[in-house]
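Understanding the architecture of this molecule
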Amino acid sequence: MRTMTIRRISILICLLSFVAAQAQETQTVGNKQDDHMKWWREARFGMFIHWGLYSIPAGEWKGSTDHAEWIRTTAQIPLDEYNQLVAKFNPVKFNAEEWVKTAKDAGMKYMVLTSKHHDGFCLFDSKYTDFDVMSTPFSRDILKELSDACRKYDMRICWYHSIMDWHHPDYLPRRDWETTRSSDSADFKRYLEYLKGEVKEIITNYGDISVLWFDGEWESTWSHEYAKQLYDYIRQIDPDIIINNRIDVYRDGMAGLSTNEEALGDFGTPEQEIPENGLPGKDWESCMTLNDHWGFNKFDNNWKSNKDLIYNLVDIASKGGNYLLNVGPTAEGVIPPQSIERLQVIGKWMKANGASIYGTQSSPFKSAKWGKCTQKATADGTRLYLHIFDWPKNNKLTVTNLINEPVRAFILNDPKETPLTITKKSGGIEITLPAVPVDSINSVIVLDIKGAPQVLDTPEFSYRYDAPADKVEIKLISEVKDPKIAIYYTLDGTAPTDKSSILSKPVLAKLPVNFSAIMFYGGRKLGEVNQIALPLSFGRSVTLTNEPSEKYKAAGAVSLTDAAKGSLKFSDGKWLGFEGKDFQATLDFGKKTAIHSASFGYLVSNKSWIFEPVDIKIEYSTDGKEYKPLLSKKFNPAMWKSADAVKHFSDVFPEVNARYVRFTAKNRGTCPEGHPGAGGKAWIFVDEIEVD
Ligand code: FHN
């Protein structure tokens, strides 16, 4: 039994700070030549291209169909068998100019092609290896044709180059299943010289190259020392070429940002994800696929929607990043039509709204209920681009938290720039919009303001709880110095006004609490109401019958009553996972307490092995020995087909006096037949047990 008694919980809610949110000039990490990043920061949007021998099998190998650019490894193809693909590589439909025009029409400003992926095959004529495109029936230098086409259409050309190389005899380590491929004579230092030779070829034989996009840097044989040698070598050849942070060994996985001050590289590389918040002072680029694969997989029809793609582009720009969107051409050299269709929709939107992306800076707002924001400094102030995905019902767009004097507002793609009515309302600036959205996905409203943006973010509060008292102290995180700012609050969930209690010192509130606060600036309401709702069970002592899994560490039993709810990411540290074991937690109020409702959170993930419990029981006791039933529920065993979801089982019951409340969830034990994990242990992930 493991009891975690909460002595003190201090939770950060959200931030009040009077920030003159200047258009943040992003400073680079690891590279002081800011001017050489200028074009890249203004570009905001590029095309990634994964193309090579792996495009020939198109994801399929001996009956399995989920492969792509990793196929040599994921299908464990022996080298001599994989090398036979060389004789089959003949992309007769490849037309570099068509590819460039596709990217340009999509609004992309640069293209990053895999000159060599992990399989070691070079799409260019290399004097250091015959494992290159010149040994194929195609026998044309693809990097030459693409770089020429890019220059013709004023598109910047960049190369992706893999450090990891599953073909070169000197690269180590071998794949662990390559038991018959000797590594006796392998010499990694000789491989580094080969790599440097190739890199020199691709940045000197094809004119001005804008970015070197390294990858495959994570294996134990690569080091910061090798990275430094390669980096310095490149800088001697081309001091201005932009280099990503995957040349070095400090990338923190798919989050993609460097974790060490000495990390080399000009920008971070989040992959298949967008940082939750902006990264002030850092250059970064999120690379993402259009479906689920980088290299062409003819079975993968899980294409992202146009709305999601445009949302990603705007979300990334609103956080000061670049969007590198991938295409995986076929073995014939054709970009799949489903990719083209989506790129054309994005291009149409960019044609009308590109000014709200190119050369913009990140949003001055920490968050906004009405949408996303990008900004550009103007001669006498700032142009805010308000990206509206959900058109306000009454056609009134209220921009809160902004102190600045509005100058004018109009619809970005209105060539006449017809002024929209602006009304300064209590709570913010209200813009009257047309009755219908101007764009089916994302309508952009221009709001010109005087000066640099001055934003008052919604008040941020912390709260702490001293067990076993049932009171919680709520206070502002940072002192409010501006006498024009006043914060009013209520404790019963009603909307605060300037007639409510004024927040002048920490508030001691009895649990459960429903704290609501609103900020006034110069007598005018400004911003959203911020709420903190804490149940009676918040911060209470919890004892676990079974140990949670070490594999997905959370804060332990205390995470069950800390008011922080897990997301769909079960590995976010907010869930307690139990592999093949039942879950049981006993909450102790420290004394008999009147209760009337209970809630229990759990996760379902059909792609993983996380199932709904077989059943849930909630019981109560006054002495911790004899328990009586409160609530229970059985679940349908076939639930694993349901989509990923965070679920809550909650209900009310006739009021009882309890000191202990026990939550039990029965694990389904093993994954059922037909499930991807058939026979494996089933998981239960739980979070936030609540009692009021
Ligand atoms: O292993 C590669 C993968 O094949 C693909 O190239 C992505 C794109 O950035 N990078 C690596 C996975 O992080």
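For clarity, every value in this text was computed on a predicted model and none was experimentally measured.

Thoughts on the packing of aromatic side chains
In this structure the tally under the stated criterion is 39 aromatic pairs. Relative to W294, the ring of F48 has its centre 5.6 Å away and its plane inclined at 70 degrees; by these criteria the two rings are edge-to-face. Residue F48 is located in strand β4 (residues 45-49), and its partner W294 is located in the loop between β9 (285-288) and α8 (306-318); the two are separated by 246 residues in the primary sequence. Each member of the pair, F48 as well as W294, is classed as buried. Both rings, one in F461 and one in F515, keep their centres 5.1 Å apart while their planes meet at 75 degrees; by these two values the pair is edge-to-face. Of this pair, F461 sits in strand β19 (residues 461-466) while F515 sits in strand β24 (residues 513-521), placing them 54 residues apart in sequence.

Observations regarding the environment of R140
By secondary structure assignment, the location of R140 is in the loop between β5 (110-116) and α5 (142-152). Residue R140 is classed as partly exposed on the basis of its relative accessible area of 31%. With 17 residues separating them along the chain, R140 and L123 place their C-alpha atoms 8.8 Å apart.

Concerning unusual backbone geometry
With an omega of 5 degrees, the peptide bond between L172 and P173 qualifies as cis. By the element assignment, P173 lies in the loop between β6 (156-162) and α6 (188-204). The omega angle of the peptide bond from L511 to P512 is -10 degrees, so this bond is cis rather than trans. Phi is positive for E417, which is not a glycine, with a value near 50 degrees. Tracing the backbone through its elements, the reader meets E417 in the loop between β14 (406-411) and β15 (422-425). One non-glycine residue with positive phi stands out, namely E688, at about 45 degrees.

Re the domain arrangement of the protein
How big an interface is tends to be reported as the loss of accessible area on association of its parts. When cut into domains, the protein gives domain 1 (2-16 + 458-534), domain 2 (34-356), domain 3 (371-456) and domain 4 (541-691). Computed from C-alpha atoms alone, the centre-to-centre distance between domain 2 and domain 4 is 43 Å.

Quick word on the site of the ligand
Near the ligand there are 15 residues, and of these H50, E69, H118, D215 and E271 occur at the shortest range. Note that an oxygen atom of the ligand is positioned 2.7 Å from one of the side-chain N or O atoms of H50. Residue E69 places a side-chain N or O atom 2.6 Å away from an oxygen atom belonging to the ligand. A total of 330 Å² of accessible area belongs to the ligand in isolation, and the protein chains cover 95% of it. Its residues assigned to classes, the shell around the ligand shows 8 nonpolar, 3 polar and 4 charged.

About the criteria used
As a convention, each chain's residues are numbered from 1 in the sequence order in which they are written. Local features in a predicted model are, by the rule used here, given only for residues with pLDDT of at least 70; side-chain atom pairs are given and counted only at 80 or more, and totals for whole chains, interfaces and linings are based on all residues. Only hydrogens and water are set aside; all other atoms, that is, all heavy atoms of the structure, feed into the side-chain values. We call Phe, Tyr and Trp rings a pair once their centres come within 6.5 Å, taking the six-membered ring for Trp, and we label the pair stacked below 30 degrees between planes, edge-to-face above 60, and tilted otherwise. For the purposes of this entry, the term helix denotes a DSSP run of H or I that reaches at least four residues, the term strand denotes a run of E that reaches at least two, and both are numbered from the N terminus. Only protein chains enter the area calculation, which uses a 1.4 Å probe; residues under 20% of their type maximum are buried, those over 50% are exposed, and those in between are partly exposed. As used throughout, domain bounds are those supplied by an automatic or database domain assignment. A molecule or strand has a residue near it when one of that residue's heavy atoms lies within 4 Å. Polar contacts, as used here, are pairs of N or O atoms within 3.5 Å; protein pairs need one atom able to donate a hydrogen and one able to accept it. Residues neighboring in sequence count only if both atoms are side-chain atoms. In short, Shrake-Rupley with a 1.4 Å probe defines the accessible areas, and a residue's cover is counted only from the protein chains shown. Ten residue types, Ala, Val, Leu, Ile, Met, Phe, Trp, Tyr, Cys and Pro, are classed as nonpolar, four, Asp, Glu, Lys and Arg, as charged, and the remainder, Gly among them, as polar.

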